[in-house]
Amino acid sequence: MNIPNNIFYTKDHEWARIEGKLAYVGISDYAAHSLGDITFVELPKIGQMLKQSAFCATVESVKAASDVYAPLSGKVVGVNAQLAANPELINQSPYEKGYFFSMEFSDEAEKNNLMDASAYQKYVEGIAK
Amino acid sequence: MAPFGGWMMPIQYRGILAEHAHTRQQVSVFDICHMGEFLLQADPSSSGFDRLVTQNITAMPFGTCRYGFILNEQAGVLDDLIVYRINETSWMIVVNAATIAADFAHFKAHISANCSLENVSDKMAKLDVQGPQSFEVLKNIFGQEIASLKYYTFAELKIFDQQSCIVSRTGYTGELGYEIYIANEYVGRLWELLLKDERVLPAGLGARDTLRLEMSYPLYGQDLDLNHTPVDAGLAKFVDFSKDFIGREALAKEQKTGPKEHLIYFQADSRRAPRHGFNILDKGRHAGIVTSGSFSPSLGVGIGMGYVADNYDIGAQLVVKQDSVEIPVEVVRRPFLHKTSLMNQN
């Protein structure tokens, strides 16, 4: 299980990588692996306002469709256009090439609601038991 | 792993897309031990067997198999099944896992008590070897006898020092392929032997479902059920109306007056998958329900099938909807895939 440091995680298995005022968002390796081969993703629109923990994207695998929730509140400023034709990037590179979108997050304090890598590692191990 | 028909079944090994592609391009082995097998010794006509199934079994040459249905009096589908004719009075009947007990009770109730009918589902294992290279793989194991197997025929072949097994040229993938029935105690060895051939990789139920769906093969419990008849499903060609069978009267009547529902096939305009239970809409109005749907790995778009009240022409534009998800689809001809190794062979 790949759980990189320096990024934040949610209980729904999204991640957020903070770069200044921007947050890059995707789903964790654990989530991508659980879903299986990802075949479709619906991303939010650029300019869309997101609320922490509210629905922001859909991801479909051969097996099932799942909702993705925003790890932070803020405005979407960019989306990963590669995913439309190559959703398998989410399985292959969940934290880099398979990111979903970038956003300007609006509330620094919301980071306190997220887990760091070691907390997420424990959380995932708890699920596996 | 996931529960299916009372079994723990492998959904995937390496991944559904990889297993699907490997089956279409090379050859896969599927663990299908869950399916049910009955052995029957019976004269087809006097025993009542002929009345139980829709296929024309009395005309079957020895060593052939035939697909058909067991119906209730209302012509609802109790199960779909393949009948194997071993000789004049000896048969193997292959049924779905979830319906084994009900099918066996139904057979028991309708077949003369003096016939031998045995449910061997717990003793007999089944492996499917499917893909364009399946012939080459099985030739190495069974020898030249495999070459004589035409589509929907079978033979009793020897393996592991005189252990006999039934090998039929049948399948559920749309590729050239074989189904092997063998006693439980030998199936582990056969699995290992098949995987020793480096062309062969295991595939799970996930790939089995996407492969069969691309061929528009129905799955019992989803696309076929008690509420639908073979005429609704567009599968009347697997029904012999020239003979008597349970459900014949209702089915013949429906064929005259027209089906009450129609099983249609549709393709999405995107990678988004229609799924079991989604609504089918025609210009915003409810038109039917999706029975099976998935992303099609071969076509790169969503595909599905479902029952609608009114029939639609090929090319008709509909929408598949569930909550906020709306997928525009076009009605297409079955099967979704036209060029496979199954169609390239005799």
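Conventions and cut-offs
- Residues numbered from 1 in each chain as written.
- Chains lettered and ligands numbered in written order.
- Predicted model: local features only at pLDDT ≥ 70, side-chain atom pairs only at ≥ 80, totals over all residues.
- pLDDT = per-residue confidence, 0-100.
- Contact = placed C-beta atoms within 7 Å.
- Helix = DSSP H or I, 4+ residues; strand = E, 2+ residues; numbered from the N terminus.
- Nonpolar A, V, L, I, M, F, W, Y, C, P; charged D, E, K, R; others polar.
- Buried ≥ 20, exposed ≤ 12 C-beta atoms within 10 Å, placed from the backbone.
- Pairing = 2+ DSSP bridges.
- Axes fitted to C-alpha atoms, helices over the stretch in contact; angles between N-to-C directions.

(A) Up close: the confidence of the model for chain B. Mean pLDDT over chain B stands at 95; residues scoring 70 or higher make up 99%. Taken over the whole predicted complex, pTM reads 0.93, whereas the ipTM for its chain interfaces reads 0.87.

(B) Spatial organisation of the interface of chain B and chain A. Tallying the contact residues gives eleven residues for chain B and seven residues for chain A. Taken together, the elements giving at least two residues each to the side of chain B that touches chain A come down to helix 1 (16-25), helix 6 (205-214) and strand 16 (285-296) of chain B. Within the side of chain B that touches chain A, the residues separate by chemical class into four nonpolar, five polar and two charged.

(C) Spotlight on the pairing of strand 6 (residues 77-87) of chain B. All names here are of chain B. Most of strand 6 is tucked away, with eight of its eleven residues classed as buried. The sheet contact formed by strand 5 (residues 64-71) and strand 6 spans eight bridges and is antiparallel. The residue bridging C65 from the neighbouring strand is Y84, located in strand 6. In sequence, strand 5 turns back onto strand 6 through a hairpin of five residues, with A75 there showing a positive phi of about 70°. Joining the antiparallel neighbours strand 6 and strand 7 (residues 90-95) is a turn of two residues.

(D) Inspection of the sheet that holds strand 15 (residues 279-282) of chain B at higher detail. Residues and elements named next belong to chain B. Read around the closed barrel, the six strands follow the order 14-17-16-15-18-19; overall the barrel is antiparallel. Geometrically, the sheet is characterised by an average inter-axis angle of 40° between neighbouring strands, direction not taken into account. Sheet analysis places strand 15 next to strand 16, joined by four bridges and oriented antiparallel. Paired with D282 across the two strands is R285, which belongs to strand 16.

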